Each structure stands twice: as C-alpha cells, then as structure tokens.
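Residues per chain, in single letters:
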Amino acid sequence: MHTGTTLTQFIIEEQRRIPGATGDFTGLLNDIVTACKAISNAVNKGALVGIMGALESQNVQGEVQKKLDVISNDIMIRSNEWAGHLAGMASEELDEPYAIPDKYPLGKYLLLFDPLDGSSNVDVNISVGSIFSILRAPRPNRPAVVEDFLQPGTQQVCAGYALYGSSTMLVLTLGHGVNGFTLDREVGEFILTHPNMTIPADTKEFAINASNRRFWEPPVQRYVEECLAGKEGPRGKDFNMRWVASMVAEVHRILTRGGIFMYPRDTKDPSKPGKLRLMYEANPMAMIVEQAGGAASTGYERILDIQPESLHQRVPVILGSRNEVEVVVGYHQN
Ligand code: P6P
C-alpha cells in the first residue's frame, strides 16, 4: 500500500479550501486524470498494439496526424463529455470546438487541450505529453461558441500536463503553486512526489531548435550567441543546451532544475508568429511556470496577458528561469 498523498485526496483537500465549492471542478479534474491514465496506457503499449505511425489525415495545423494523436484526442473527449462539468471543449486536433452531445448535461467550465504534444517523438520512444487548460464558461450550462474560449491566460482556473516518460507524471496548478504526482501503476493512482515545485531564478541551460538560427530575430540571435560564447563571452559563464522537441519534457526539466525554453518568432514562415499554440500549449505552460516562480513571455509581452483572437493562434514562447527570461526580454526591448 502506498503511503503518499493521492491526487484524488489532494484535489478534494483543495476543494475544501474553496467556500461554496460544489465538487464540479473536482469531478472535472478527476475525469481529466482518468483520460491521462488511459493515454499513458496507450502510449506505453505503442508498437505492441499497432498504434504507431502516421495516418493519411492532417490536423487543423496542417500536421500529419499520428494514430496516437487521434486515439489520445478520442480518449480526452470520451472521458470528459458525459459528466455535465463542461459547456464545451477545444483540442489541437479539432478545427472547431467540440460540442457536448445533447444526451449529456452541460456545465460551467471549458476544457482546452493538446492531447498528445510532441507526438512526432512517439515512434522513436522519446517522452511525449498531454497539456490541458480549464476556463470558466462565460455562459454556463449553455453550448459554448468559439468566442467563449478566447479568454486571456490569466483567466485559467487550472493548468496541467501529463508527461509520458520513464515514469508517468501529472503536474498541476490550481492558482496557488505547482505540484507533481507520479503514477503508481499497481495502485492506479497518481501519488504526490514533487510538492511545491519551484524554478530556480537563474540557469545555465537553454533549450532551442538551433537549426532555425538563420530565421531568428536579432534579440534571440544575440542571446544564443552570448550563451555559446561561454565564460569568455559577455555572460561570463558556460551554458549547456538541450532540445527534446517535446515541450512537455522541456518544461518538466525546467520545473525540476531550471532552464530557459525558447520557440521564438522566426522568419521560416512569416505567416506564423511562432510555432506553439497559445490556447492549449503556451497559456497552460505559462500559468504553470509563473506559479512555480518563473516567467513566460513572447519577448514583447507576458503570455498570460494576451487577448486571444483565434482558437489555434500561434505565439512566440520564451519561458523558464525568471532572471534568464528577463535577459531575453531586455534584448527585445533594446
Ligand atoms: P521542432 C512538438 O511538435 C512541438 O509542438 C513542441 O512540443 C516542441 O517543443 C516543438 O513543437 C518542437 O518543434 O521544430 O523542433 O520540431
């Protein structure tokens, strides 16, 4: 029998802190957690059950869909559509918001998610994850329309991710700190293993896809050049570099030991102001990072302050150790 605090217990104890809580939010979170356990199971089986590889289809991003992308999206939808907690859902994999079927009651929250982020890594067995964000529905118990989702990240009531790595973890913030839980498969419960996660303010580790260097804007060029110059350069210290090409894994590393992650605006595709999506990647990760004492910026503004204009809009992302993010933001301002 495990001795730690289970996620179920943690969520209920959090509910007790909120006067007048109905248990609706607790129920929603438990359904999201159930989905993450099921996705973990599917990801971990991988090639054993023939779910690797790509489909013919493309998603709204124009990206080739992996079988597990679609399976994970279906799991998220099925686990969360029935209980009456939601007025609607939005997914990276769906052009339009998902309407709750008529046979189910509607609720007062909106759920947004990237069901399997970094899925291109699945076939090569590198960590992938699910990212989710919860907003209050402006019109509770009514079918949500796109505009209902377009709220700034500061409006999120919860943000979290599941990381399907060497162990499956779930990292969560409800607006007062960040806590990490590890899945005990024998019990089938997430156990609190990383209470009050905080990001060191300073770091010597940066993460960026260096193959895009020629497309970066000058402030990012300058920052990376100075990191590469090391001790003899203007920063006066040597840096290390990481790039997993799986945002959940990068953010988790930064939460665990510090660092800065950058997917900046680049000129590779001028029509795109960045690669990562605001509503279900940048915003939830920005809330988690800020709640852990870090910072999250586009280089020009705080990510959580952005007023969304469309459901799948992309933004530049610079997040992690606060003092390092402030160096990069400073270069954007000069
Ligand atoms: P690149 C995964 O596709 C993703 O959305 C993030 O998880 C990851 O940080 C980034 O894109 C990787 O991008 O250009 O290195 O493939």
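What counts, and where the lines are drawn
- Residues numbered from 1 in each chain as written.
- Predicted model: local features only at pLDDT ≥ 70, side-chain atom pairs only at ≥ 80, totals over all residues.
- Heavy atoms only, no water.
- Helix = DSSP H or I, 4+ residues; strand = E, 2+ residues; numbered from the N terminus.
- Rg over C-alpha atoms; globule rule 2.2 N^0.38 Å.
- Buried < 20%, exposed > 50% of the residue type's maximum accessible area, 1.4 Å probe, protein only.
- Contact = heavy atoms within 4.5 Å.
- Areas by Shrake-Rupley, 256 points an atom, 1.4 Å probe, with all protein chains shown as cover.
- Lys, Arg positive; Asp, Glu negative; His and termini not counted.
- Charge placed at Lys NZ, Arg CZ, Asp CG, Glu CD.
- Pairing = 2+ DSSP bridges.
- Axes fitted to C-alpha atoms, helices over the stretch in contact; angles between N-to-C directions.
- Near = heavy atom within 4 Å.
- Polar contact = N/O pair within 3.5 Å; in protein donor to acceptor, adjacent residues only side chain to side chain.
- Nonpolar A, V, L, I, M, F, W, Y, C, P; charged D, E, K, R; others polar.
- Phe/Tyr/Trp six-rings, centres within 6.5 Å; stacked < 30°, edge-to-face > 60°.
- Lys NZ or Arg CZ within 6 Å of the ring centre and 35° of its normal.

Help me out: how do you make sense of the overall build of the protein chain in this one?
Scanning the protein chain from terminus to terminus reveals eight helices and 16 strands. A compact globule built from 334 residues should have a C-alpha radius of gyration of about 20 Å, and the protein chain, at 19 Å, falls within 12% of that. Here the C-alpha coordinates of the protein chain stretch approximately 65 × 45 × 45 Å along the principal axes. For the protein chain, the proportion of its 334 residues judged to be buried stands at 57%. Once local pairs closer than 6 in sequence are excluded, the contacts in the protein chain between residues at least 24 apart make up 64%. Of the accessible surface of the protein chain, which amounts to about 14,000 Å², a share of 50% is contributed by carbon and sulfur atoms. Computed over 31 positive and 39 negative side-chain charges, the separation of the two mean positions in the protein chain equals 3 Å.

Would you take a moment to explain the sheet that holds strand 12 (residues 260-263) for this structure?
Hydrogen bonds between backbone atoms are what pair the strands of a sheet, whose relative direction is either parallel or antiparallel. An order of 11-10-12-16-14 is seen for the five strands of this open sheet, with the pairing classed as mixed. Here the strands that pair on one side only, and so sit at the sheet edges, are strand 11 (240-242) and strand 14 (295-297). Taken over all neighbouring pairs, the strand axes of this sheet differ in orientation by 15° on average, direction set aside. On top of the sheet, helix 6 (residues 247-257) reaches strand 10 (205-207), strand 11, strand 12 and strand 16 (317-320); it is set at about 35° to strand 16, its chief contact. Across the sheet, helix 7 (residues 278-291) lies against strand 14 and strand 16, angled at about 25° from strand 16, the strand it touches most.

Help me understand the site of the ligand, please; the structure alone is not making it clear to me.
Close contacts around the ligand come from 13 residues, with Asp117, Asn209, Trp243, Met247 and Tyr263 the closest. Met247 is positioned such that a nitrogen or oxygen atom in its backbone is 2.7 Å from an oxygen atom of the ligand. Sorting the residues of the shell around the ligand by element identifies strand 12 and strand 13 (276-277) as the ones contributing at least two each. Residues that form the shell around the ligand fall into these classes: six nonpolar, three polar and four charged.

Whenever I open this one, the pairing of strand 8 (residues 178-184) confuses me. Can you help?
Each regular strand shows side chains that alternate between the opposite faces of the sheet. Within strand 8, six of the seven residues are buried, which leaves the element mostly enclosed by the surrounding structure. Of the pairings in the sheet, the one linking strand 7 (residues 168-173) to strand 8 comprises five bridges and is antiparallel in character. For Leu172, the partnering residue across the bridge sits in strand 8 and is Asn179. Where strand 7 hands over to strand 8, the hairpin turn is made up of four residues, of which Gly175 adopts a positive phi near 100°. Hairpin geometry of strand 8 and strand 9 (residues 189-194) is characterised by an intervening segment of four residues between the two adjacent antiparallel strands and by a positive phi of about 80° at Gly188.

What should I look at first to understand the environment of Ser40 in this one?
Structurally, the position occupied by Ser40 is in helix 2 (residues 24-45). When the C-alpha positions of Ser40 and Met89 are compared, they lie 21 Å apart, and in sequence the two are 49 residues distant. Apart from the residues within four sequence positions on either side, Ser40 is in contact with Tyr164, Thr168, Leu183 and Arg185.

Looking at this model, I keep getting lost on the packing of aromatic side chains. Mind explaining?
Any two aromatic rings considered together are summarised by their centre-to-centre distance and by the angle between their planes. Throughout the structure, instances matching the rule amount to five aromatic pairs. Pairing Trp243 with Phe261 gives two aromatic rings, centres 5.4 Å apart and planes at 10°, and the pair type is stacked. Of this pair, Trp243 sits in the loop between strand 11 and helix 6 while Phe261 sits in strand 12, placing them 18 residues apart in sequence. Given the relative accessible area of 2%, Phe261 is considered buried. A connected cluster of aromatic rings, assembled from ring pairs, spans Trp243, Phe261 and Tyr263. A cation over a ring is seen here: Arg222 above Tyr331, with NZ or CZ 3.6 Å from the ring centre.

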